[in-house]
Amino acid sequence: MAKELLKGNVAIAEAAIRAGMNAYFGYPITPQTELLEWLAKRMPELGRAFVQAESELGAVNMVYGAACTGARVLSSSSSPGVSLMLEGLSYIAGTEVPVVLVDIMRGGPGLGNIAPAQADYNQIVHGGGHGDYHPIVLAPANIQEAIDLTYGAFDLAEKYRALVIILADGSLGQLMEPATLPEMQPVIMRQPEWATYGAAGREKRILSSINLDPPKQEAFNLHLEKRWQEVKKAEIRFMEYYLEDARYAVVSFGTSGRISLSAIRAARAKGIPVGLFRPISLAPFPEQALYELSQRVEGMLVVEMNAGQMLEDVIKITRGKIPVEFYGRMGGMVPMPEEIEAEIERLVDLPLSLNGHPRDRWLDRFSLAN
Amino acid sequence: MAKELLKGNVAIAEAAIRAGMNAYFGYPITPQTELLEWLAKRMPELGRAFVQAESELGAVNMVYGAACTGARVLSSSSSPGVSLMLEGLSYIAGTEVPVVLVDIMRGGPGLGNIAPAQADYNQIVHGGGHGDYHPIVLAPANIQEAIDLTYGAFDLAEKYRALVIILADGSLGQLMEPATLPEMQPVIMRQPEWATYGAAGREKRILSSINLDPPKQEAFNLHLEKRWQEVKKAEIRFMEYYLEDARYAVVSFGTSGRISLSAIRAARAKGIPVGLFRPISLAPFPEQALYELSQRVEGMLVVEMNAGQMLEDVIKITRGKIPVEFYGRMGGMVPMPEEIEAEIERLVDLPLSLNGHPRDRWLDRFSLAN
Amino acid sequence: MQTEIIIAGFGGQGVLFAGQVLAYAAMDQGMHVTWIPSYGPEMRGGTANCTVVISDLEIGSPLVSHPTAVVAMNKPSFDKYESMVKAGGLLVINQSMVDRGVERSDIRSIMVPANTIAEKIGDKRMTNMVLLGALLGNLGVLPLNAVEKSLKEHLPAKHHKLLPANRMALESGAAFKAVTAAQVIN
Amino acid sequence: MQTEIIIAGFGGQGVLFAGQVLAYAAMDQGMHVTWIPSYGPEMRGGTANCTVVISDLEIGSPLVSHPTAVVAMNKPSFDKYESMVKAGGLLVINQSMVDRGVERSDIRSIMVPANTIAEKIGDKRMTNMVLLGALLGNLGVLPLNAVEKSLKEHLPAKHHKLLPANRMALESGAAFKAVTAAQVIN
Amino acid sequence: MVQTTLEEQIVYSRPESFTDTQTHYCPGCTHGTAHRLVAEVIDEMGIREKMVGVASVGCSVFAYNYFNFDFVQAPHGRAPAMATGVKRVLPDRFVMTYQGDGDLASIGMGEIVAAAARGENITVIFINNANYGMTGGQMAPTTLPGQQTSSSPNGRDVEVDGFPIRTAELLSTLDGASYVVRRSLHDPKNIRMAKKAIRLAFETQKHGLGFSLVELLSVCPTNWGMTPLQAQEWVADVMVPYYPINDFKVHPALANIKA
Amino acid sequence: MVQTTLEEQIVYSRPESFTDTQTHYCPGCTHGTAHRLVAEVIDEMGIREKMVGVASVGCSVFAYNYFNFDFVQAPHGRAPAMATGVKRVLPDRFVMTYQGDGDLASIGMGEIVAAAARGENITVIFINNANYGMTGGQMAPTTLPGQQTSSSPNGRDVEVDGFPIRTAELLSTLDGASYVVRRSLHDPKNIRMAKKAIRLAFETQKHGLGFSLVELLSVCPTNWGMTPLQAQEWVADVMVPYYPINDFKVHPALANIKA
Amino acid sequence: MPPKGRVEIDEFYCKGCELCVEACPQGVLALSADHINAKGYRPAELIELGCTGCGVCAIVCPEAAIVVYREVKTRSQASEQE
Amino acid sequence: MPPKGRVEIDEFYCKGCELCVEACPQGVLALSADHINAKGYRPAELIELGCTGCGVCAIVCPEAAIVVYREVKTRSQASEQE
Ligand SMILES: Cc1ncc(C[n+]2csc(CCOP(=O)(O)OP(=O)(O)O)c2C)c(N)n1
Ligand SMILES: Cc1ncc(C[n+]2csc(CCOP(=O)(O)OP(=O)(O)O)c2C)c(N)n1
Ligand code: SF4
Ligand code: SF4
Ligand code: SF4
Ligand code: SF4
Ligand code: SF4
Ligand code: SF4
Ligand SMILES: [Mg+2]
Ligand SMILES: [Mg+2]
């Protein structure tokens, strides 16, 4: 198919449409609003359901309800709005209904601002709602990837009866790039064997997340954990750039990942053997691949648009065996390639150490500079 | 002062009263409700403010508002209710107002059940609301500790202008033990130099979490990170039991920590040199102490009432240098000392390995058993 | 030394209160003690139980799989807990509510027609105290008068008129002596 | 080879559209391209800018500190971006909106009285296209007719009547030739 | 030839829309009565196989065990949003939420108002029992002035705790609401009226007229500390005066529909 | 001896309760007018130093920059809850929330109803501009039938999007609400009436009578795609008929209080 | 002559709430004096003649525990239609 | 004779929205024909005599940009009070 110049928010929305999404429920919030606005126009055109909910609480529970029928459903929001969805997301996970959520992160905490950020990594990947559950989290770094991940997210959600979160930041939402949209899938009403759509000619069904009896709840938790093991086996995704001969590696996801790529090219141009490891599936995280990489390189630089959240995972995975450094921008600031390039040069030039915490070193440097 | 036989929920509520709490705002949810009910009676008696909010969203924003005036304020809830508070907590952190929150965890995800659990460790310690922020998280394991931590939490919150969360589980809420209540502090209206209580005779003040300009937000984020470094230096708390001569260590917090103590005594009685490391401050986490301990022992067993959340932190901190095993109960199940004792014996008897993930091994064992 | 006691029965039988009385008494004797109820679903009905652990050390687990002693105030509790009592432990049964004897021979047990006794004392609500008396009289963890003292100290004044009945109940219970199953059979 | 272009000006000057036209043309030429706007506070007003990166490789950062070329459509943009242009880069200035000359001597620059030209063409809205013409005429990253073709293909049909004016604007702009500051001073 | 015989007929039996499950409700709790009326109406309308129920959080959380049709279970207060999700993708199904007063009028006020304003074509069965039954009898938005609850131990003080919300009246201000009435479950006459209202509510949905809600005054003997009979009297004597039995909004098109 | 002279007096100047800050509002936006009226009333009542304002999320999020008194800023929709927190610990201060229609009537409906029901002794200034101004003009609960917005591109379709909420009417059903009125800002006469209402709202608070709210019809020229003058006309012609200017609830005790 | 009826109360569902007892216009219901069901409740029973099959008990029963029977006159066309 | 007045419009605040221009009963206000303020707006100005100091412009101004003056008769007691 021909390439089109597409804006992130619109591309994601349209990819969901092409995936046969039956219904969308959302609430306006910058920098995600264009996604909702696109669907406000397109969904009724196509005879599909679009509801601007009364709030993010409303939206998450509408997708919850619609997902219970077996429909393909999407919601989207940005950081503060996602915080309001967490009870609902925990219920969704606890009921095992497939839902796709797009989170276009902005600067925080609190009302913060509407500039791009990656400061909800922990919220989405580790913390978030209450109880033990695991969403699949996919972090695109460009428009084509955003399209492809969104398009595939529905299948993934249905395959594992899981919550799939597309985690991007405000700049990806605003970015335009040429990309190819997938084919339009027919919109059908699925009736999976667990769904509640009226018990005509079959036993009635119940979808709920309650198990007052702890042993039953524990059995359910066990089931979720085992299923997560399967997901871990099958759904790891990441990209490697210039790593074959690299002695240093930058680890970075999403927008900061692609910016790092520019820095790496510049550093390579100066003869520094550095490459990029860009996780796409943040959950399940490409632990094994990163660990293996850590065995091959002399040092790693983690770059994020937050105060070092994925950093902790990288430290854990690399087991303190190789030096890790960190560079972050916060509160809606986006790092420039030059800044990252300078950090790569520091990595190469300065004696590396396994002691202390990379965040503390970064904070010292960063405070001086600011 | 004389000891009294006190129930966890009541003890915490009364400790907050003694600490001079000006106002409480909350919403009923089992297994935390008795805390609210106690204050429904006591606060009006003492001429202090008590409001049963319309929801947890209402409650968190009421404490937010009251905290802005400089008042000592408390809210409390349990897992699903806390999920609803996360936007508000992020705002509170983003505004730097001191708030104390009690979270009496129950089984999840979703509606789950009302039995004790520790499955919100990640939510409270790492994830939770959007944006980079750090609550101080304290996990009591007995009633006296719950009282003392709650009593001190207000000072801590004010010292760092931070959110302090008392993280306990349903069984601690229901447990009765003899304990001593602290003295009643006079209830005063503090007027700290940042608070908004009417601009009589001074410049007006604004309390907000918004910084539309990313560089300003970044400077604020930096400030939060630097302050967190201070907290990390000054506010680490943990307990050690039988660790002087231990060759094995159990790492466990709160209720599972005290249950582990019974198992350890039983194992010691069989001659196994095992001790207990019980973190009290989960954030800041006693990283250094645990790391040093890991240098001294041959293996560690992490015990939690969840699927292994603190486990990941222990793995990170011990840098994969010593074998770590895991034992967990989920969904409202509480481990019995015998189960933990058996796990300790496994640790001693079986060949330990640094490969694979302790959670995977546990899941294999656990699935077989269930 | 640690003693673990589970008291179990129907909701209205004063199960939780009996446990608390024990806990108060232990506290007043300067011992470590924990009391923890089973807290059921968010709705009413069904059975209740509580676990009391008394020790001279800081108490680890407030819950136990194999308690030193169990007071079973009704049939379901008897059925559920008989097998759990620690070998050599004590099982106190409300004979008024059960229709079978003790099966295990490695524990001590007492059958107390507690309802009947309580009714004789003139207050059906004393059933739990009769059984508590039987427990204390055969366990040796706390003297009977420690419990009486605690009742006096912690019972709200308006209930003090019940103290004589309580004392009578405790004492009538304490008069029962534990036997082992072998003895019962014989 | 990678070329980075920032186009900046007031909200109503067609800054974002000019960038998109560029991006479409690059796409149609089979090149990698990114377009990203500055997206301001949740309320109106102020200045706007966008960054277009054109490359023959997968593009890393869509944002740059030192662009190859800048189109400054007003005074604040001129002031802000002059220092940022990469040494040897190109600065296209809307002369109609500024009151000073270029200071740097290590870049090439063009002063285009774009408002005046656009008005001459008969459509004030063509200012952005005049400047785009000047940019393309001096950058060599894309041929002028590529842009014209893209305009035809991606402009909604109802706007096709503007195509001749667009072409004229682009060509008038392209007629301006870049100089270095030294030349300007002389 | 016509012959007249006396024949025994079943005049009432358990509705088909019920399962053979004992409820967990306390003796005399009229949650059960409300369930029964709903089940009867669904039987009569023959829509059991087209039903999707949405249970809420409260004593009725397990409603899904008692009704013999598909059910989902919503987070506290959010049933109307979940119902919206279901209804929007399955417009030809019948969607009902069953919510308590804490659920609907406290934590869920935002969702119910929005659903009513949207004219969401769903039916809401709203149980007003003047307290939070499930969590042990705390004050609800519907708790009456002076009423003692576990979180208003000295009785609801309107100066501090505010005034009870008359939910049906409030929702009837919304143009999207087509059928909003209050009924009571405290005696046979009122129960009969309640059933008619439930029928009309489902008819509202059937005819695509939009949002329908039946508020039902219901007892909570356990937390009120009363016998079931005393509780019924309390409804008649104390609740009904504050919460009048009335039709607050009836879409004109309903005039032609018999219930 | 009496002498008559002509002397120039200031009959109007910028209120003291304002700071010397330019607003970020679009030209002609009557958020500014509402601010000014509030500031004037606060000046006249002499309560500037006792004020604590609660800003909400919407175009007025920066209200705190323009008023010269203490201010806090609430999460989207939660201003009434924050105000409750402030008021309960400082009952002798004046607490005001300033909220848009998206903030108050959509995401914040639960909080405003609860605060009104509690009779929370606060004053709410509620700006109904029939859309979400700040995020670029999406449909609000107050958007009129047929009105085009960026999320109802073909005009609000009541069949799908539901009906606009008349907030003042809805809140006036609550016993805890003591003063609930609607006014408009589209011409001098209405602005004068609006000011009187704002005064009465603060008087309600001053006399401890409970919850007060003034709904103000306000323009959003930018997102409506109109000039400020056209926008004022649209208010008069389209909004006022749907949202009548009226007193919906006035506590009897207010009769004796002059505004 | 009042119609003749009877009720069957399923003790599996009955919780002895007494609502039917109170509501029965004929006063023919009572809680069992001696029997306790599996859940520990004294179920309601028909204790006297005189049930009219009016169904009021069923209307008030929260547990749908009651089946009501009534004798009704039926007119049957004896001759077959040909 | 109508009262005499005048207005001062602070261009720092004015956004040229024209509401005052439209509202002025005397029609003595207009947006500046040539001047543009720092924010890029044409501020309102008093363009003619005839202002009565009625204050209507100030009532409609969303930016509180207008100060209104009016000449009022004052009666002063010339003799001092003793
Ligand atoms: C988010 C959340 N908050 C609180 C609770 C605890 N909770 C469970 S039921 C209930 C109240 C139910 O009261 P109501 O809706 O009146 O129903 P009833 O039991 O009276 O029928 C509450 C507060 C919860 N489960 N989830
Ligand atoms: C939780 C949350 N959801 C969404 C937003 C995005 N948001 C900001 S302002 C706004 C709407 C404001 O509209 P309104 O209250 O009508 O105020 P107006 O701007 O029209 O005055 C929204 C949805 C947010 N900041 N937080
Ligand atoms: S607690 Fe109240 S509402 Fe709940 S089942 Fe019992 S009587 Fe009914
Ligand atoms: S967007 Fe609308 S509401 Fe917001 S400032 Fe502009 S005109 Fe006012
Ligand atoms: S059917 Fe009527 S008469 Fe017969 S038992 Fe029931 S209520 Fe009484
Ligand atoms: S009303 Fe129903 S549940 Fe109650 S006693 Fe009668 S048959 Fe039993
Ligand atoms: S004061 Fe009156 S007359 Fe004077 S300019 Fe203003 S509106 Fe016009
Ligand atoms: S009303 Fe105010 S802002 Fe508008 S033009 Fe007049 S002075 Fe300027
Ligand atoms: Mg209720
Ligand atoms: Mg608005």
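Basis of the calculations
- Residues numbered from 1 in each chain as written.
- Chains lettered and ligands numbered in written order.
- Predicted model: local features only at pLDDT ≥ 70, side-chain atom pairs only at ≥ 80, totals over all residues.
- Heavy atoms only, no water.
- Donors = N, O, S within 2.8 Å, 3.2 Å for Na, K, Ca; no water.
- Helix = DSSP H or I, 4+ residues; strand = E, 2+ residues; numbered from the N terminus.
- Buried < 20%, exposed > 50% of the residue type's maximum accessible area, 1.4 Å probe, protein only.
- Pairing = 2+ DSSP bridges.
- Axes fitted to C-alpha atoms, helices over the stretch in contact; angles between N-to-C directions.
- Salt bridge = Lys/Arg side-chain N within 4 Å of Asp/Glu carboxyl O.
- Phe/Tyr/Trp six-rings, centres within 6.5 Å; stacked < 30°, edge-to-face > 60°.
- Lys NZ or Arg CZ within 6 Å of the ring centre and 35° of its normal.
- Near = heavy atom within 4 Å.
- Nonpolar A, V, L, I, M, F, W, Y, C, P; charged D, E, K, R; others polar.
- Contact = heavy atoms within 4.5 Å.
- Buried area = accessible area lost by both parts, 1.4 Å probe.
- Polar contact = N/O pair within 3.5 Å; in protein donor to acceptor, adjacent residues only side chain to side chain.
- Patch = residues over 30% accessible without salt bridge, like charges linked within 9 Å, V, L, I, M, F, W, Y side chains within 5 Å.
- Areas by Shrake-Rupley, 256 points an atom, 1.4 Å probe, with all protein chains shown as cover.
- Lys, Arg positive; Asp, Glu negative; His and termini not counted.
- Charge placed at Lys NZ, Arg CZ, Asp CG, Glu CD.

## Considering the coordination of the magnesium ion (ligand 9)
Residues and elements named next belong to chain E.
Turning to step 1, where the next piece is worked out: Taken together, the protein donors to the magnesium ion (ligand 9) comprise Asp101 (OD), Asn129 (OD1) and Asn131 (O), at separations of 2.0 to 2.2 Å.
Turning to step 2, where the next piece is worked out: Mapped onto the sequence, the residues coordinating the magnesium ion (ligand 9) show the spacing D-x27-N-x1-N. Here Asp101, found in helix 4 (residues 101-107), pairs with Asn129, found in the loop between strand 5 (123-128) and helix 6 (158-161); they are 28 residues apart in sequence, far enough to count as distant. Comparing Asp101 with Asn129 shows no difference in burial state: the two are buried.

## Remarks on the coordination of the magnesium ion (ligand 10)
Residues and elements named next belong to chain F.
Turning to step 1, where the next piece is worked out: Looking at the magnesium ion (ligand 10), the protein donor atoms are Asp101 (OD), Asn129 (OD1) and Asn131 (O), and they sit 2.0 to 2.2 Å from it.
Turning to step 2, where the next piece is worked out: Each donor residue of the magnesium ion (ligand 10) belongs to the same chain, with the gaps between them written as D-x27-N-x1-N.
Turning to step 3, where the next piece is worked out: You can call Asn129 buried: its relative accessible area is 7%.

## Here's the deal with the sheet that holds strand 5 (residues 99-105) of chain B
Residue and element names in this part refer to chain B.
Turning to step 1, where the next piece is worked out: The mixed open sheet is built from 7 strands, whose spatial order is 3-2-4-5-7-6-13. Strand pairing shows two members of the sheet lacking a second neighbour, strand 3 (49-52) and strand 13 (281-283), which therefore form its edges. Adjacent strand axes in the sheet meet at a mean angle of 20 degrees when their direction is disregarded.
Turning to step 2, where the next piece is worked out: As defined by bridge partners, strand 2 (residues 23-26) adjoins strand 3 across 4 bridges and the pair is classed as parallel. Note on strand 3: the bridge partner recorded for Tyr24 is Phe50.

## With respect to the pattern of salt bridges
Turning to step 1, where the next piece is worked out: Enumeration according to the criterion identifies 109 salt bridges over all chains in this entry.
Turning to step 2, where the next piece is worked out: Residues Arg268 of chain B and Asp245 of chain B are paired through a salt bridge, measuring 2.8 Å at the closest nitrogen-oxygen approach. Of this pair, Arg268 of chain B sits in helix 10 (residues 254-269) while Asp245 of chain B sits in the loop between strand 10 (238-241) and strand 11 (248-251); the two residues are 23 residues apart in sequence, bridging distant segments of the chain.
Turning to step 3, where the next piece is worked out: Judged by its relative accessible area of 23%, Arg268 of chain B falls in the partly exposed class.
Turning to step 4, where the next piece is worked out: Between Glu298 of chain B and Arg247 of chain B there is a salt bridge whose closest N-O contact spans 2.8 Å. In this pair, Glu298 of chain B is assigned in the loop between helix 11 (287-296) and strand 14 (299-304) and Arg247 of chain B in the loop between strand 10 and strand 11, connecting sequence segments 51 residues apart.
Turning to step 5, where the next piece is worked out: For Arg247 of chain B, a relative accessible area of 40% gives the class partly exposed.
Turning to step 6, where the next piece is worked out: One connected set of salt bridges, linked through shared partners, spans Lys75, Asp79, Glu82, Asp99, Arg100 and Glu103 of chain C.

## Here's the deal with the packing of aromatic side chains
Turning to step 1, where the next piece is worked out: The final tally for this structure, using the stated rule, is 34 aromatic pairs over all chains.
Turning to step 2, where the next piece is worked out: Considering the side-chain rings of Phe326 of chain B and Trp362 of chain B, the 4.9 Å spacing of their centres and the 85 degrees angle between planes classify their relative orientation as edge-to-face. Taken together, the positions of Phe326 of chain B in strand 15 (residues 324-328) and Trp362 of chain B in helix 14 (residues 358-369) put the pair 36 residues apart, joining distant regions of the chain.
Turning to step 3, where the next piece is worked out: A relative accessible area of 0% means that Trp362 of chain B is categorised as buried.
Turning to step 4, where the next piece is worked out: Between Phe62 of chain F and Tyr64 of chain F, the aromatic rings sit 6.0 Å apart at their centres with planes inclined by 90 degrees, giving edge-to-face as the arrangement. Considered together, Phe62 of chain F and Tyr64 of chain F belong to a single accessibility category, that of buried residues.
Turning to step 5, where the next piece is worked out: These aromatic residues form a ring-pair network of at least three members: Phe326, Tyr327, Trp362 and Phe366 of chain A.
Turning to step 6, where the next piece is worked out: Seen from the ring of Trp38 of chain A, Lys41 of chain A lies directly overhead, with NZ or CZ sitting 4.4 Å from the centre.
Turning to step 7, where the next piece is worked out: Just above the ring of Phe94 of chain F sits the side chain of Lys87 of chain F; from NZ or CZ to the centre is 5.9 Å.

## Brief notes about the site of ligand 7
Turning to step 1, where the next piece is worked out: Neighbouring ligand 7 are 14 residues; Cys24, Cys51, Cys54, Gly55 and Cys57 of chain H lie closest to it.
Turning to step 2, where the next piece is worked out: Among the residues making up the shell around ligand 7, the classes are represented as 10 nonpolar, 4 polar and no charged.

## Observations concerning the interface of chain F and chain A
Turning to step 1, where the next piece is worked out: Contacts between chain F and chain A engage 16 residues on the former and 17 residues on the latter.
Turning to step 2, where the next piece is worked out: With both chains or domains summed, chain F and chain A bury close to 1,200 Å², and 58% of this area falls on carbon and sulfur atoms.
Turning to step 3, where the next piece is worked out: In terms of surface lost to chain A, no three residues of chain F exceed Ile107, Thr135 and Ser151 of chain F, which account for 30% of the buried area on that side.
Turning to step 4, where the next piece is worked out: The tally of links between chain F and chain A comes to 0 salt bridges.
Turning to step 5, where the next piece is worked out: Remark: the boundary between chain F and chain A carries 8 residue pairs in polar contact (both at pLDDT 80 or more).
Turning to step 6, where the next piece is worked out: If you tally residues by element for the side of chain F that touches chain A, the top one is helix 4 (residues 101-107) of chain F, at 3 residues.

## Here's the deal with the interface of chain A and chain B
Interfaces are often sized by the amount of accessible area the parts lose when they come together.
Turning to step 1, where the next piece is worked out: Listed by partner, the interface residues are 67 residues for chain A and 67 residues for chain B.
Turning to step 2, where the next piece is worked out: At the boundary of chain A with chain B, total buried surface from both sides reaches about 5,700 Å², with 58% on carbon and sulfur atoms.
Turning to step 3, where the next piece is worked out: It is Pro109, His130 and Glu218 of chain A in chain A that bury the most area against chain B; as a group they hold 13% of the surface buried on that side.
Turning to step 4, where the next piece is worked out: On the surface where chain A and chain B come into contact, there are 4 salt bridges.
Turning to step 5, where the next piece is worked out: Here Glu312 of chain B and Lys316 of chain A are joined by a salt bridge, their closest N and O atoms 2.6 Å apart.

## Re the sheet that holds strand 3 (residues 70-73) of chain F
Turning to step 1, where the next piece is worked out: One open sheet holds the 8 strands; their spatial order is 9(B)-3(F)-2(F)-4(F)-5(F)-7(F)-6(F)-8(F), and the pairing between them is mixed. Either end of the sheet is taken by a strand with one partner, and the two such strands are strand 9 (206-207) of chain B together with strand 8 (246-250) of chain F.
Turning to step 2, where the next piece is worked out: Alignment of strand 2 (residues 51-55) of chain F against strand 3 of chain F, held across 4 bridges, turns out to be parallel. In the strand pairing of strand 3 of chain F, Ala55 of chain F is matched with Gln73 of chain F.
Turning to step 3, where the next piece is worked out: Its contacts with the sheet place helix 1 (residues 31-45) of chain F against strand 2, strand 4 (94-100), strand 5 (123-128) and strand 7 (211-217) of chain F, and it is angled at close to 170 degrees to strand 4 of chain F.

## A short note on the site of ligand 6
Turning to step 1, where the next piece is worked out: Looking at ligand 6, the residues that line it are Ile9, Cys14, Lys15, Gly16, Cys17, Glu18, Cys20, Ala44, Cys61, Pro62, Glu63 and Ile66 of chain G.
Turning to step 2, where the next piece is worked out: Across the shell around ligand 6, the residue classes break down as 8 nonpolar, 1 polar and 3 charged.

## Side note on a negative patch on the surface
Turning to step 1, where the next piece is worked out: A surface patch of like charges, here negative, comprises Asp20 of chain F together with Asp10, Glu11, Asp34 and Glu45 of chain H.
Turning to step 2, where the next piece is worked out: Here Asp34 of chain H lies in the loop between strand 2 (29-31) and strand 3 (44-46).

## A closer look at the environment of Thr69 of chain A
Turning to step 1, where the next piece is worked out: Among the secondary structure elements, Thr69 of chain A is positioned in the loop between helix 3 (56-68) and strand 4 (73-77).
Turning to step 2, where the next piece is worked out: Taking C-alpha positions, Thr69 of chain A is 20 Å from Ile165 of chain A, a pair spaced 96 residues apart along the chain.
Turning to step 3, where the next piece is worked out: Setting aside residues no more than four positions away along its own chain, Thr69 of chain A makes contact with Met189, Arg190, Ala195, Thr196 and Tyr197 of chain A together with Val86, Val89 and Leu90 of chain E.
Turning to step 4, where the next piece is worked out: In this structure the side chain of Thr69 of chain A is engaged in a polar contact, spanning 2.6 Å, whose partner is the backbone oxygen of Ala66 of chain A.

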